[in-house]
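Geometric and topological summary
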Amino acid sequence: MEHNFGHPDSLPVPGSFDKSRVLSVKPIRTLVPVFPSSNPSSSTNPQGGAPFVCVSPSGPYPSGVAPLYPFFVSPESQRLSEQNAQTPVGQRVPTGPISTAVPINSFRTPTGAANGDVGSSQRKNKSGGQFNEEDDYVEMNEFDAEDGAGDTSRKRKSGKKGRKLKGAVGTASSVNPEAVANDIFKSINPLVFDVLSQPDGSRDSVIYTLLVYEVLRRKIGQVEETAKDVSGAKRPDLKAGALMLTKGIRANSKKNIGAVRGVEVGDIFYFRIELCLVGLHAPSMAGIDYIGTKTSQEEEPLAVSIVSSGGYEDNVEDGDVLIYTGQGGVSKEKGASDQKLERGNLALEKSMHRGNDVRVIRGLTDLAHPTGKVYVYDGLYKIQNTWVEKAKNGFNVFKYKLVRCPGQPAAYMIWKSIQQWTEKNVPRTGVILPDLTSSAEKIPVCLVNDVDNEKGPAYFTYSPTLKNLKPTAPMESSTGCSCVGGCQPDNYNCSCMQNSGGFLPYSAMGILWDLKSVVYECGPSCQCPPTCRSRVSQGGLKIRLEVFRTKDKGWGLRSWDSIRAGTFICEYAGEVIDNARVEELVGENEDDYIFDSTRIYQQLDVFPSDTEAPKIPSPLYITAKNEGNVARFMNHSCSPNVLWRPVVRGNRNESDLHVAFYAIRHIPPMTELTYDYGIVLSLKPGQKKKKCLCESVKCRGYFC
């Protein structure tokens, strides 16, 4: 019997279907809706109706149709993509349709998703249920100054997704993030693409990916903020992540069980999308990540990673044991219910029986910005046991006991130890002085030696500021700004902002926006207050630092706090000297504490334009031998995590040039802070090369 399924007037007789006939179908996620061309008279559709066409996300597309975002490729991008096919990878910027390896579903917040489906970090609402903090951007502060428009007082109310923010003008963004991204991608060193194109990840690929992401995210936030783009300034973190995934700029695109190449235990992240970019945890929301593994009978899910953000009824007190709560059981529309043994819960159960390793990422409160979180990779765990118990809301939840695999470096336990030192007054081993600065800094700097019997560094006078006994006239006249209440990103008449190319140098959270050679800050000639966001390097230490004894490099510097990429750490304090005095100290072999701005510095190998020494207004030499601050203890590394930038402060009376240090990438607590001392093209009389002990894989063997 034939059935005319396509005719609207043809209705099949009830019960007359041949149930043995099975249509050839594909999962809906593999299909892309497409539209016909504007010409209604098509040979394939003479009646002018829109034909129903199904194609894969990557094409090929029939004539006259085009895919929807995010699979859309402009004609220009398509042309470039065809050109790139004939171009070596190291010489092109990735373009074209989104990679098949990209977790598309990680960008969409599921409607009515339950506990764990949108992340394990949840909190109670007034009705007794739970909802995801990141889902409503409360924990990450959607309207956070760093991530968007610069007004930390505006927060979206819980449960009001899609609500237009007060003061928002227009519905579409006036800033084109893709254009911003293309400009940045073009400036990337072509060798970076060679590293990222390798099938297996590496430490370099992870570092390069995160650095490019940070530069892109901050640039999008800066442009949107200055353009008053309130409607588009909500989540530059997700915009930057989506653009990078679309362009294939990522590390470890293949999901695997166990360790991730290039990601080290103890690495920290400030955005969930960063976990996706390096292949540590694919979903940008879900707390459990898993893969399907084929067995002799069927395909079963196995867990590969979990994120525990501390909002659940998880037991996180033990550094080597984690009691993790399963997913599901909560819906904003349906309320609470018992959790089911499915999806991530089933994957964790199967992993317990299989005994496979599970990566654990712990989400901790960012002490510098309590509305945000820091995600710490705590290494590999094994699931030891699972059970069901009643939660505080009265419904059954799954519990999983995960035990940390032995022999891994300390990660989460470092955070716990620091918390005990500060909150519980637990004695610290090896403390020589609780405050090396003798209260010269607002925050004490601890002096510690748990390596040998050395009682402290050679005597010097601690000074938090730079002293110039022979000030010179400014290279450029500076009248200073008249921003009485503080510089604002939408005040285009601000002279300090004009010096910075039309942007403020820092975000409202004090993060350096971009990698310009010179940072222009407000100064003595400006009318703005000390709290102005253009005076970040003038407020003293904001991070809890300590001077510690290293095993083979003398004294070094590290932080009790995690340091976010772009954060100001300290300035190089001491006495400004001239070149003649430098040569005198070199001849006396007393140049260990000299900062020389004329040296050649390998700042960043990802962006070639930033590999040269910053172009400062005039040479600057500083000696910190007899008088200085914590910067004098910062050791050299050929693969540093800190860079310096010259900072010019608005001063009409004299040259006001300083040297400030900023974090290149996210730095975990208790990690040594290092920068590149640079090299000289020709050694001065009596000057010798010094052996480098940084032990980096890129160590050049010496420094000057």
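Because the structure is a prediction, the values reported are computed rather than measured.

Calculation notes
Residues numbered from 1 in each chain as written. Predicted model: local features only at pLDDT ≥ 70, side-chain atom pairs only at ≥ 80, totals over all residues. Heavy atoms only, no water. Helix = DSSP H or I, 4+ residues; strand = E, 2+ residues; numbered from the N terminus. Buried < 20%, exposed > 50% of the residue type's maximum accessible area, 1.4 Å probe, protein only. Contact = heavy atoms within 4.5 Å. Areas by Shrake-Rupley, 256 points an atom, 1.4 Å probe, with all protein chains shown as cover. Axes fitted to C-alpha atoms, helices over the stretch in contact; angles between N-to-C directions. Parallel < 35°, antiparallel > 145°, perpendicular 65-115°, else oblique. Left-handed = near helix turned anticlockwise from the far one by under 90°. Nonpolar A, V, L, I, M, F, W, Y, C, P; charged D, E, K, R; others polar. Pairing = 2+ DSSP bridges. Salt bridge = Lys/Arg side-chain N within 4 Å of Asp/Glu carboxyl O. Expected span 1.5 Å × (residues − 1). pLDDT = per-residue confidence, 0-100. Polar contact = N/O pair within 3.5 Å; in protein donor to acceptor, adjacent residues only side chain to side chain. Phe/Tyr/Trp six-rings, centres within 6.5 Å; stacked < 30°, edge-to-face > 60°. Core = buried A, V, L, I, M, F, W, Y, C linked by side-chain atoms within 4.5 Å.

Scanning the protein chain from terminus to terminus reveals 10 helices and 29 strands. Taken over 704 residues, the protein chain has a buried fraction of 51%. Considering only contacts in the protein chain between residues 6 or more positions apart, those separated by 24 or more positions represent 69%. Per element, the accessible surface of the protein chain, about 33900 Å² overall, is 52% carbon and sulfur.

Running from N to C, helix α2 (residues 177–186) and helix α5 (residues 236–247) cross one another at 60°; their axes reach a closest spacing of 10 Å. Classed by the angle they form, the pair α2 and α5 counts as oblique. Note on packing geometry: the crossing formed by α2 with α5 is right-handed. Along the contact surface, α2 presents Pro177, Glu178, Ala181, Asn182 and Phe185, while α5 presents Lys239, Leu243, Met244 and Lys247. Partitioned by chemical class, the residues of the contact of α2 with α5 number 5 nonpolar, 1 polar and 3 charged.

Another aspect to go through is the pairing of strand β6 (residues 321–325). A large share of β6 lies buried, amounting to 5 of its 5 residues. Alternating residues of β6 divide into Val321, Ile323 and Thr325 and Leu322 and Tyr324, and every residue in both groups is buried. Both β6 and strand β11 (residues 396–404) contribute to a ladder of 5 bridges, which runs antiparallel. For Leu322, the partnering residue across the bridge sits in β11 and is Leu402.

Attention now goes to the sheet that holds strand β17 (residues 545–549). Overall, mixed pairing links the 4 strands, which are arranged β12-β13-β17-β18 in an open sheet. Both edges of this open sheet fall to β12 (431–433) and β18 (555–559), since each of them pairs with a single strand only. The mean inter-strand angle of the sheet, taken between neighbouring strand axes irrespective of direction, is 35°. Where strand β13 (residues 446–448) meets β17, 3 bridges bridge the pair, whose relative direction is parallel. Within β17, the residue paired with Cys446 across the bridge is Glu546.

Tallied over the entire structure, the rule returns 30 salt bridges. Residues Arg217 and Glu214 are paired through a salt bridge, measuring 3.2 Å at the closest nitrogen-oxygen approach. Residue Arg217 and its partner Glu214 are located together in helix α4 (residues 203–226), separated by 3 residues, close to a single helical turn. In this structure, Arg217 and Glu214 share a single accessibility class: buried. Linking Arg533 and Glu225 is a salt bridge whose minimum nitrogen-to-oxygen distance equals 3.1 Å. Of this pair, Arg533 sits in the loop between β16 (519–521) and β17 while Glu225 sits in helix α4, and the two are 308 residues apart along the sequence. Glu225 shares its class with Arg533; the two are buried. Among the charged side chains, a network of salt bridges with common partners joins Arg203, Glu264 and Asp267.

Further remarks concern the environment of Ala660. Within the secondary structure layout, Ala660 lies in strand β26 (residues 657–663). On a C-alpha basis, the gap between Ala660 and Arg645 in space is 5.5 Å, while along the polypeptide they are 15 residues apart. Excluding its chain neighbours within four sequence positions, the residues that come into contact with Ala660 are Ser537, Phe568, Cys570, Glu571, Leu643, Trp644, Arg645 and Val647.

With 24 residues, α4 ought to run about 34 Å at 1.5 Å a step, and its terminal C-alpha atoms sit 35 Å apart, in line with that. Within α4, 20 of the 24 residues are buried, leaving the element largely enclosed by the surrounding structure. Two residues or fewer after α4 comes Lys228, characterised by a positive phi angle close to 55°.

With that settled, the discussion passes to the confidence of the model for the protein chain. When pLDDT is averaged along the protein chain, the result is 78, and 71% of the positions lie at 70 or above. Under a pLDDT of 50 for its full length, residues 1–26 has, in the predicted model, 8 contacts with residues more than four places off or in other chains. Contacts for the low-pLDDT stretch residues 64–172, under 50 throughout, to residues beyond four places or in other chains number 246 contacts.

A word on the side chain of Arg218. Turning to its location among the elements, Arg218 is positioned in helix α4. Here the side chain of Arg218 touches Glu214 through a polar contact of 2.9 Å, side chain to side chain.

Another point: the packing of aromatic side chains. Under the definition given, this model contains 13 aromatic pairs. Both rings, one in Phe460 and one in Phe633, keep their centres 5.6 Å apart while their planes meet at 70°; by these two values the pair is edge-to-face. A residue pair is termed long-range when its members are at least 10 positions apart, and Phe460 in the loop between β13 and β14 (461–462) and Phe633 in the loop between β23 (627–628) and β24 (635–636) qualify at 173 residues. Each member of the pair Phe460 and Phe633 is classed as buried.

A word on the nonpolar core. Within the largest apolar cluster, 49 residues are counted, with the highest numbers of intra-cluster contacts made by Leu216, Phe607 and Tyr662. In terms of residue count, α4 provides more of this core than any other element does, 8 residues in total. In this structure Leu216 touches Val180, Ala181, Ile184, Phe185, Ala240, Leu243 and Met244, once residues within four positions along its chain are discounted. Among the nonpolar cores identified, the runner-up in size contains 43 residues, and Leu466, Cys570, Phe595 and Tyr677 belong to it.

The next subject is unusual backbone geometry. Peptide bonds are trans in most cases, and residues, glycine excluded, mostly fall at negative phi. Of note, the phi angle at Ser439 is positive, near 70°, even though the residue is not glycine. Residue position: Ser439 is located in the loop between β12 and β13. The phi dihedral of Met670 falls on the positive side, at around 65°, and the residue is not glycine. Looking at where Met670 falls in the secondary structure, it is placed in the loop between β26 and β27 (674–675). In this structure Met670 comes out as buried when scored by relative accessible area, which is 18%.

Time to look at helix α8 (residues 412–423). Each α-helix turn comprises 3.6 residues. Residues three or four places apart therefore point the same way. Over its 12 residues, α8 runs 16 Å from end to end, which matches the ideal 16 Å to within 8%, given 1.5 Å per residue. Buried residues of α8: Tyr412, Trp415, Lys416, Ile418 and Trp421, and no others. Those residues of α8 hidden inside the fold are in contact with β3 (268–269), β9 (358–365) and β10 (373–390). Positive backbone phi, approximately 55°, marks Asn425, located one or two places after α8.

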